[in-house]
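Structural features, examined
The residues making up each chain are set out below.
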Amino acid sequence: MTARLSTTPLDRAVPMPAPRLRLWSRLWRYLVVVAVGVLVLFVNLAEFLGQDPTALSDEASALIGGFVLLDLLLGVIAICLLSLRRRRPVLTAVLTASLSAVSVFAVGAAALAIVSMSTRRRWKPVVAVGFVWVAATAFYELVLRSSIPGVTVDSALSWASGGLAIAIYAICASTGFYIGARRDLVASLRDRAENAEREQALREESARESERTRIAREMHDVLAHHISLLSLHAGVLTYRTDLTRQETVDAATIIQNNAQLALTELRQILGVLRSRDDEEGAAGSGLAEPPQPTLAELPALLADSREGGMRVSLDASGLGDGAAPVGGGERAASPSTGGRPEFDGLSESVSRAAYRIIQEALTNARKHAAGAPVTLEIDRHGGELLVVVRNPLGGSTVGPGLSSGMGLTGLRERAQLAGGSLAHGTDSDGGFVVTARLPWQ
């Protein structure tokens, strides 16, 4: 607020709208105005009548009485003009100050109009009305009072009255400036609070959207893999009528196992949602979020895919010192790993992203090139983890309506979130290749 007020001149600043007043707030202001007017009127009437009112002639008494009635009438008019002080503050202040040149009963109304006008904090109207106020005081002291019978004009007293009038005007204008500045401060604090609430709501909404996107991505990666296996083996049971009973039992067992795995992983994701809802609500459930799969679970993923009929070969020879073939065409990084590649120093987030990329690539290969061999290469080039999944084009799909079109988009998002990149397309041999480059650390 300080910066905004300091960069904009007060003469050009847009004033904050004055708050609406309640009935009592309006009433006590008018009561103060009337009380001040009556007090000043009685002081002046006592001066006009002197110490012995009976000593005045009938003509002087009539003149004084007419002057008091005119004073009261103009004072009432000034009080009525106060209803315009919010819509026409400068005009109201000028009129009431002008009426105070004849009516001392209008002094209270003029003071309130000056305070109301000064809340806009504009110097030019304040100075202009100040000249009107001083001129009205000079007219009353030098012209009007001298025309009253029995009243003597003292130059020293007139100067004192002029100085008092200037002091009163300065007090009224300063009060108005203070009230206006306070209104601006309150309005600025209110705006800041509202902006903070809106920003907090936007942050919460953004966090919710990000969490929904993450959960949707996890559910897509998890469920698409298992459901594609279910669809593949269900298709086998539907179209192959020459299967033996043992082959039928094996296919049904694979369908049952993958359905149970899909349900288990879905329950884990929903459990994470419930635990977070409890933490945001009351005391929280105390449930820990289950660990997400990483490249350490890669052998299980490949075994699951091979059980589903896929021909998957793994080449991870670039990760260790020499490699020997391991069953099914795999190559391990080191003989001591027992067929498992080494991933020492690889961050958990990158390992989790690489696992999901491989899982989704295998799912897509199963969907769009069923029965075709799939080659998985994992290597390390400098500070990057290189993951390449290659399969020939063609082959039958697992069924209509199973491709969401979001798999490759999700893979690219995962790679970018991990600080890497992902590319896909056909190679010179006519195969489809998915290449992911992720930072090793």
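In what follows, the structure referred to is the one given above.
What you are looking at is a predicted structure, and each value in this text was computed from that prediction instead of being measured.

Details of the overall build of the protein
On a plain count of helices and strands, the protein comes out with 11 helices and 7 strands. Within the protein, buried positions represent 35% of all 441 residues. Taking the intrachain contacts of the protein between residues at least 6 apart in sequence as the baseline, contacts between residues at least 24 apart amount to 69%.

Quick word on unusual backbone geometry
A positive phi angle is found at Arg121, which is not glycine, with a value near 60°. Here Arg121 is to be found in the loop between helix H5 (107–118) and helix H6 (123–144). By relative accessible area, Arg121 is classed as buried at 9%.

Considering the environment of Ala234
Relative to the helices and strands, Ala234 is located in helix H7 (residues 155–239). Classification of Ala234 as partly exposed rests on a relative accessible area of 30%. Measuring from C-alpha to C-alpha, the distance between Ala234 and Ala252 comes to 8.0 Å, with 18 residues separating the pair along the chain.

A few points about the packing of aromatic side chains
For the structure shown, the criterion picks out 2 aromatic pairs. A ring pair is formed by Trp123 and Phe177, whose centres lie 4.8 Å apart and whose planes are at 40°; its orientation type is tilted. Linking Trp123 in helix H6 with Phe177 in helix H7, this pair joins segments that are 54 residues apart in sequence. Residue Trp123 is classed as partly exposed on the basis of its relative accessible area of 47%. On the basis of an interplanar angle of 35° and a centroid distance of 6.2 Å, the ring pair of Trp133 and Tyr169 is categorised as tilted. With Trp133 in helix H6 and Tyr169 in helix H7, the pair connects residues that are 36 residues apart, well separated along the chain. Like Tyr169, Trp133 is buried. Positioned over the ring face of Trp440 is Arg380, at 4.2 Å from the centre of the ring.

Comments concerning the pairing of strand E5 (residues 384–392)
In the sheet, strand E4 (residues 374–381) pairs with E5 via 7 bridges, with the strands oriented antiparallel. From the neighbouring strand, Thr375 faces E5, where its bridge partner is Arg390. Counted between consecutive antiparallel strands, the loop separating E4 from E5 contains 2 residues, among which Gly382 sits at a positive phi close to 65°.

Here's the deal with the pattern of salt bridges
Summed over all chains, the structure comprises 5 salt bridges. Among the ionic pairs, Arg121 bridges to Asp184, the shortest N-O distance being 2.4 Å. Of this pair, Arg121 sits in the loop between H5 and H6 while Asp184 sits in helix H7, and the two are 63 residues apart along the sequence. Taking the relative accessible area as the measure of exposure, Asp184 reaches 6% and is therefore buried. The salt bridge involving Asp427 is made with Arg390; its shortest N-O contact spans 3.4 Å. One end of the pair, Asp427, is in the loop between strand E6 (421–426) and strand E7 (431–439); the other, Arg390, is in strand E5, with 37 residues separating them in the sequence. The partly exposed category is assigned to Asp427, whose relative accessible area is 23%. Overlapping salt bridges bring together Glu377, Arg390 and Asp427 as one network.

Some points on the side chain of Arg356
Considering the arrangement of structural elements, one finds Arg356 in helix H10 (residues 348–368). Of the polar contacts made by the side chain of Arg356, one reaches the side chain of Gln359; its length is 3.0 Å.

Regarding H5
For H5, spanning 12 residues, the distance from its first C-alpha to its last is 16 Å, which sits close to the expected 16 Å at 1.5 Å a residue. Taking burial as the measure, the 12 residues of H5 include 11 buried ones, the bulk of the element. For H5, the set of buried residues is Gly108, Ala109, Ala110, Ala111, Leu112, Ala113, Ile114, Val115, Ser116, Met117 and Ser118.

Things to note about the nonpolar core
Counting residues in each nonpolar core, the largest one holds 33 residues, and the members touching the most others are Leu298, Ile358, Leu376, Ile378 and Leu385. Examining the composition of this core, we find that 9 residues originate from one element, H10, more than from any other. With residues near it in sequence (within four places) discarded, Leu385 still touches Leu295, Leu346, Val350, Ala354, Ile378, Asp379, Ala436, Arg437, Leu438 and Trp440. Judged by nonpolar contacts, the second largest core, of 32 residues, contains Phe105, Ala113, Ile114 and Cys172.

Description of a nonpolar patch on the surface
Taken together, the side chains of Trp28, Val32 and Val36 present a nonpolar region at the surface, about 240 Å² in accessible area. Following the sequence through the fold, Trp28 ends up in helix H2 (residues 23–49).

A short note on the packing of helix H4 (residues 89–99) against H5
Across the interface, H4 lies against H5 with an axial gap of 8 Å and an inter-helix angle of 155°. Put simply, H4 runs roughly antiparallel to H5. Remark: the crossing between H4 and H5 carries left-handed chirality. Taken together, the residues of H5 that come into contact with H4 (itself represented by Pro89, Val90, Thr92, Ala93, Thr96 and Ala97) are Ala109, Ala110, Ala113 and Met117. Of the residues in the contact of H4 with H5, the class split is 8 nonpolar, 2 polar and no charged.

Considering the packing of H4 against H6
One can describe the packing of H4 onto H6 by two numbers: an axis separation of 8 Å at closest approach and a directional angle of 10°. Between H4 and H6, the interaxial angle falls into the category roughly parallel. Each of Val90, Ala93, Val94, Ala97 and Ser98 in H4 lies in contact with H6, whose residues at this interface are Pro125, Val129, Val132, Trp133 and Ala136. Grouping the constituent residues of the contact of H4 with H6 by class yields 9 nonpolar, 1 polar and no charged.

Rules used throughout
- Residues numbered from 1 in each chain as written.
- Predicted model: local features only at pLDDT ≥ 70, side-chain atom pairs only at ≥ 80, totals over all residues.
- Heavy atoms only, no water.
- Helix = DSSP H or I, 4+ residues; strand = E, 2+ residues; numbered from the N terminus.
- Buried < 20%, exposed > 50% of the residue type's maximum accessible area, 1.4 Å probe, protein only.
- Contact = heavy atoms within 4.5 Å.
- Phe/Tyr/Trp six-rings, centres within 6.5 Å; stacked < 30°, edge-to-face > 60°.
- Lys NZ or Arg CZ within 6 Å of the ring centre and 35° of its normal.
- Pairing = 2+ DSSP bridges.
- Salt bridge = Lys/Arg side-chain N within 4 Å of Asp/Glu carboxyl O.
- Polar contact = N/O pair within 3.5 Å; in protein donor to acceptor, adjacent residues only side chain to side chain.
- Expected span 1.5 Å × (residues − 1).
- Core = buried A, V, L, I, M, F, W, Y, C linked by side-chain atoms within 4.5 Å.
- Patch = residues over 30% accessible without salt bridge, like charges linked within 9 Å, V, L, I, M, F, W, Y side chains within 5 Å.
- Areas by Shrake-Rupley, 256 points an atom, 1.4 Å probe, with all protein chains shown as cover.
- Axes fitted to C-alpha atoms, helices over the stretch in contact; angles between N-to-C directions.
- Parallel < 35°, antiparallel > 145°, perpendicular 65-115°, else oblique.
- Left-handed = near helix turned anticlockwise from the far one by under 90°.
- Nonpolar A, V, L, I, M, F, W, Y, C, P; charged D, E, K, R; others polar.

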